[in-house]
Every structure is written in C-alpha cells, then in structure tokens.
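# Chains, contacts and geometry: an overview
Take a look at the letters that make up each chain.
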Amino acid sequence: MPYEYWCAHCQAVSPARRDRQADAEDDLLAHRHDAHGGLRPAAGDGVRRVHSAARGDGILPDGSCLFVAFMLALVLANCWGR
C-alpha cells in the first residue's frame, strides 16, 4: 500500500502517493522546509499508509467491489421473485 504525508496545520497532503515510506518522509521534510521554515507544525503532521484502490480516504470500497455487490443483489432478487 502506498504512503502519503499530511499536515494538519495547513491541510496539505502529498501531491503524489509514494511506494516507499522513506520517499513520503522526504516529501514531508520538503513540505516542512517550504511551508513551515523547517519546523514541525504545532497541529501535527506525519506519514500514513493509504489504500491504493480506495476512493480518496481509504474507507470506501473500489468500483469493482460495488459492481459485484450490485450483481449479487440482482441475482438474489431474481431468485426470491419466483
């Protein structure tokens, strides 16, 4: 699963997800240097793992999972209708 940095102070998130945690940490340090003068913001920041197939925040399932659930519901509705 990929990694991204986040900054609670200025609501910044990585522009791109990284495959390695070290690369996301490098992005975090670059953001601290550019936006906060090299200091850690008081509101906090960090690196987190994100689900690559999710829509945005990693909570919702991807489209293929929703399609399979929809097709299963159609098959079950057809079976119960007879």
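Paired through their backbone hydrogen bonds, the strands of a sheet run either parallel or antiparallel. The three strands are arranged β2-β1-β3 in an open sheet whose pairing can be described as antiparallel. The strands lining the two open edges of the sheet, one partner per strand, are β2 (12-13) and β3 (45-49). Here two bridges tie strand β1 (residues 3-7) to β2, and the two strands are oriented antiparallel to one another. Bridge pairing in β2 links Cys 7 to Ala 12. Along the sheet, helix α1 (residues 21-36) contacts β1, β2 and β3; its crossing angle with β1, the most-contacted strand, is approximately 25°.

You can see Arg 40 is positioned in the loop between α1 and β3. Separated by twelve residues in sequence, Arg 40 and Leu 28 place their C-alpha atoms 9.8 Å apart. Leave out the neighbours within four places in its chain, and Arg 40 touches Arg 32 and Asp 45. A polar contact is formed between the side chain of Arg 40 and the backbone oxygen of Asp 45, at a distance of 3.4 Å.

About the thresholds
- Residues numbered from 1 in each chain as written.
- Predicted model: local features only at pLDDT ≥ 70, side-chain atom pairs only at ≥ 80, totals over all residues.
- Heavy atoms only, no water.
- Pairing = 2+ DSSP bridges.
- Helix = DSSP H or I, 4+ residues; strand = E, 2+ residues; numbered from the N terminus.
- Contact = heavy atoms within 4.5 Å.
- Axes fitted to C-alpha atoms, helices over the stretch in contact; angles between N-to-C directions.
- Polar contact = N/O pair within 3.5 Å; in protein donor to acceptor, adjacent residues only side chain to side chain.

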